[in-house]
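One-letter residues, chain by chain:
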Amino acid sequence: MMRQPKIGATQTSPTLPTPAQGVRWTTPIVETPGIVVLASWIWRLLRFLTTLPFRFPVMIACLAASVGAWWWLDWPGLTALWGLAAVASLVWWRAWPDSYRRCVLLRLLAWWRHVFVYRRHWQPVLVISGLAESYQERRYLPRIRRVTCDTWADRVRVALVAGTAPADFETRVAELAHGFAAPSCRVIVNGPRDITLEFPRHDTLAEPLDALPVPDSPDLDALPVGQREDGSPWLLRLHGTHVLVVGVTGAGKGSVIWSAVRAMLPAVKAGTAQVWAIDPKRMELAYGRDLFAHYADTGESAVALLERAVASMQERAERYAGKQRSHVATVDDPFVVVLLDEVAFLTAYHPDRDVRRRAENAIATLTSQGRSVGFAVLAALQDPRKEVMNLRNLFPDKVALRLDEASQVDMVLGEGARERGAEAHLIDPALPGVAYVRLEGSPSPVRVRAAYVSDEDITAMVSAHGGSANHSVGGGEG
Ligand SMILES: Nc1ncnc2c1ncn2[C@@H]1O[C@H](COP(=O)(O)OP(=O)(O)OP(=O)(O)O)[C@@H](O)[C@H]1O
Ligand SMILES: [Mg+2]
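These numbers come from a predicted model, not from an experiment.

Engineer: Can you break down the nonpolar core residue by residue, with the values?
Structural biologist: Ranked by size, the top nonpolar core spans 47 residues in total, and within it Ile-278, Leu-306, Leu-340, Leu-346, Leu-366 and Leu-381 carry the most contacts. In terms of residue count, the dominant contributor to this core is helix α7 (residues 299–320) (eight residues). Grouped together as the second largest cluster of nonpolar side chains are 45 residues, Leu-220, Val-225, Leu-265 and Leu-378 included.

Structure follows, in structure tokens:
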């Protein structure tokens, strides 16, 4: 039998002992020569001093000018220089407030936030959130490269430590947001070992958004339906996809649906797009009935409408087969949006089993085959669980409004969405229309708010565009 090595004995001879000899091998410690350490420190100091004017050019220039004025003209010179600077600053602020805000105020704010918020709390926040190892090992601490501010958010550019990935930060966004007292945090990947953390300073979506202006020539790939957290428009793609809007009752599903319909109106009027609406609750879509090419509000009529859409889609697919691979919206072959408010009414809650089965089949056929022939389904749903709606994976794009439970976030937006900051279950009930979405090309969810289309807006839409919608679908609809 092999003898166990003795614990605690250290190696004393340069010959490598075998475990059978009962000694423990320890790696020899090689000390860096003092001269090399000194040279490294001198090199770092020189590099710091040389790069200083490039890193803080304005501050260094002001400091140099102040020292120069004091050196040659003493205190009166320094006072005159500062007085001149104050007057110039006042004139700049009054004459060009935007440029003054961007070049002076936001830069001062960025410097302040860099020093007193991010650098000050950086190490403790990263260590406690598990993104850095320990208080001693500064070498393994991700480095802040730069902090910039705009009117709504701070952006902290970070150099990652080798061996870590942006995903490590993406899964700690909640800890980072709390650590730096921000309402949320988003990770933007710039390149290898280079990310930006975006911390909003206040909630830009706190105020409701009025219905957006109707675009002159709508782009069905990018319909303006609201606003993103950074102030840019939230553009919803309908052509070439299917969209599932999920949220508890009162979360604002209606505002997403109506904003999409509103943005399409000129295409509806021109006949290049049609909306087929199913409204089981008779509360959401009935108001704008005249805008729709077809409308159904009972289980049987809804299924008939869906099956009609399927037949029409298949007829179009047959005509396209071997001739055309993608759809271009025309009056003969319009883009068809099947609007389904509370889709679970048809797939789960309807008392008639046959209606449920036929509705599910028709929705599955439309969502799996309709994309390339110009048929899209825009559906609203309260409860995203599989037993209520097992077709949710057939919708490539999803919108997560306020949800009931944390576990529903990943059900709607996909695996890892909650870890990446989509806290749809924490959306304030006082903010209907606020949602999280995933945009093309980025795994990080984005917070958005849909514009609110009021009853008066719908009435105005109907009087301007109503009646024009009742075209038939080209190519042999029954
Ligand atoms: N985008 C929005 N901005 C501001 N307020 C909104 C917005 N969307 C909805 N609301 C307000 O919230 C109320 C409920 O909205 P909505 O009817 O769209 O909810 P819902 O999700 O469709 O609910 P349900 O499932 O019960 O139909 C609206 O009457 C309106 O007052
Ligand atoms: Mg509704």
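Engineer: So what about the packing of helix α6 (residues 253–270) against helix α11 (residues 455–465)? Which residues, and what values?
Structural biologist: Close contact between α6 and α11 brings their axes to 11 Å; oriented N to C, the two are set at 10 degrees. Taken as axis vectors, α6 and α11 run roughly parallel relative to one another. Across from Trp-258, Val-261, Arg-262, Leu-265 and Lys-269 in α6, the residues of α11 making contact are Asp-457, Ile-458, Met-461, Ala-464 and His-465. Considering only residue class, the contact of α6 with α11 consists of six nonpolar, one polar and three charged.

Engineer: So, the packing of aromatic side chains: which residues are in play, and what are the values?
Structural biologist: One pass over the structure, following the stated rule, counts 10 aromatic pairs. Ring geometry for Trp-92 against Tyr-100: centres 5.5 Å apart, planes inclined by 80 degrees, an arrangement best described as edge-to-face. Since its relative accessible area comes to 29%, Trp-92 is described here as partly exposed. Within the aromatic cluster, the residues linked to one another by ring pairs are Tyr-118, Trp-122, Phe-180 and Phe-199.

Engineer: Hey, could you go over the pattern of salt bridges for me, with residue numbers and the actual values?
Structural biologist: Applying the stated criterion across every chain, the model contains 19 salt bridges. Where Arg-186 meets Glu-198, a salt bridge forms, and the shortest distance between an N and an O atom there is 3.3 Å. You can see Arg-186 sitting in strand β3 (residues 186–191) and its partner Glu-198 sitting in strand β4 (residues 194–200), a full 12 residues away along the chain. Residue Glu-229 is joined to Arg-447 by a salt bridge in which the shortest nitrogen-to-oxygen separation is 3.3 Å. Remark: Arg-447 occurs in strand β14 (residues 445–450) and Glu-229 occurs in the loop between β5 (223–228) and β6 (233–236); sequence separation between them is 218 residues.

Engineer: Requested: an account of the pairing of β3, with residues and values cited.
Structural biologist: Strand direction decides the pairing type here: β3 and β4, joined by five bridges, are antiparallel. Note on β4: the bridge partner recorded for Arg-186 is Glu-198. Hairpin connection of β3 to β4: two residues between the antiparallel strands, including Arg-193 at a positive phi of 60 degrees.

Engineer: Please give an account of the sheet that holds strand β8 (residues 273–278) that cites residues and values.
Structural biologist: Pairing in this open sheet of 10 strands is mixed, and the strands run β6-β5-β14-β13-β12-β7-β11-β10-β8-β9 from one edge to the other. Across the chains shown, the open sheet's two edge strands, defined by having one partner strand only, are β6 and β9 (294–296). Direction aside, the axes of adjacent strands within the sheet are offset by 25 degrees on average. Strand direction decides the pairing type here: strand β13 (residues 434–438) and β14, joined by five bridges, are antiparallel. When the bridges of β14 are listed, Arg-438 appears paired with Pro-445. Strand contacts of α7: β8, β9, β10 (335–340) and β11 (375–381), with the helix running at about 150 degrees to β8, the strand carrying the most contacts.

Engineer: Please provide a residue-by-residue account of the site of ligand 1, values included.
Structural biologist: Around ligand 1, 18 residues are found, and the nearest of them are Thr-249, Lys-253, Lys-281, Gln-382 and Ala-450. The side chain of Lys-253 places a nitrogen or oxygen atom 2.7 Å from an oxygen atom of ligand 1. Contacts to ligand 1 include Glu-284, whose side-chain N or O atom sits 3.3 Å from an oxygen atom. Coverage of ligand 1 by the protein chains reaches 74% of its 630 Å² of free accessible surface. Breaking the shell around ligand 1 down by element, the ones donating at least two residues are α6 and β14.

Engineer: Go over the domain arrangement of the chain, please, and point to the residues and values.
Structural biologist: Accessible area lost on assembly of the parts is the figure often given for the size of an interface. Partitioning the chain into domains gives domain 1 (96–200) and domain 2 (223–465). Relative placement of domain 1 and domain 2: their C-alpha centres are 36 Å apart. Between domain 1 and domain 2, the residue contacts involve 10 residues of the former and 10 residues of the latter. Carbon and sulfur atoms make up 48% of the surface buried where domain 1 meets domain 2, a total of about 810 Å² over both sides. Area buried by domain 1 at its contact with domain 2 is led by Trp-152, Glu-170 and Arg-186, which between them contribute 55% of it. Inspection of the domain 1/domain 2 interface yields one salt bridge. When the shortest N-O distance is used, the salt bridge between Arg-420 and Glu-170 registers 2.9 Å. On inspection of domain 1 and its partner domain 2, the count reaches one residue pair in polar contact (both at pLDDT 80 or more). Counting only elements with at least two residues in the side of domain 1 that touches domain 2, the list comes to α5 (173–179) and β3. Residue composition of the side of domain 1 that touches domain 2, grouped by class: five nonpolar, two polar and three charged.

Rules of the game
- Residues numbered from 1 in each chain as written.
- Chains lettered and ligands numbered in written order.
- Predicted model: local features only at pLDDT ≥ 70, side-chain atom pairs only at ≥ 80, totals over all residues.
- Heavy atoms only, no water.
- Core = buried A, V, L, I, M, F, W, Y, C linked by side-chain atoms within 4.5 Å.
- Buried < 20%, exposed > 50% of the residue type's maximum accessible area, 1.4 Å probe, protein only.
- Helix = DSSP H or I, 4+ residues; strand = E, 2+ residues; numbered from the N terminus.
- Axes fitted to C-alpha atoms, helices over the stretch in contact; angles between N-to-C directions.
- Parallel < 35°, antiparallel > 145°, perpendicular 65-115°, else oblique.
- Contact = heavy atoms within 4.5 Å.
- Nonpolar A, V, L, I, M, F, W, Y, C, P; charged D, E, K, R; others polar.
- Phe/Tyr/Trp six-rings, centres within 6.5 Å; stacked < 30°, edge-to-face > 60°.
- Salt bridge = Lys/Arg side-chain N within 4 Å of Asp/Glu carboxyl O.
- Pairing = 2+ DSSP bridges.
- Near = heavy atom within 4 Å.
- Polar contact = N/O pair within 3.5 Å; in protein donor to acceptor, adjacent residues only side chain to side chain.
- Areas by Shrake-Rupley, 256 points an atom, 1.4 Å probe, with all protein chains shown as cover.
- Domains from an automatic or database assignment.
- Buried area = accessible area lost by both parts, 1.4 Å probe.

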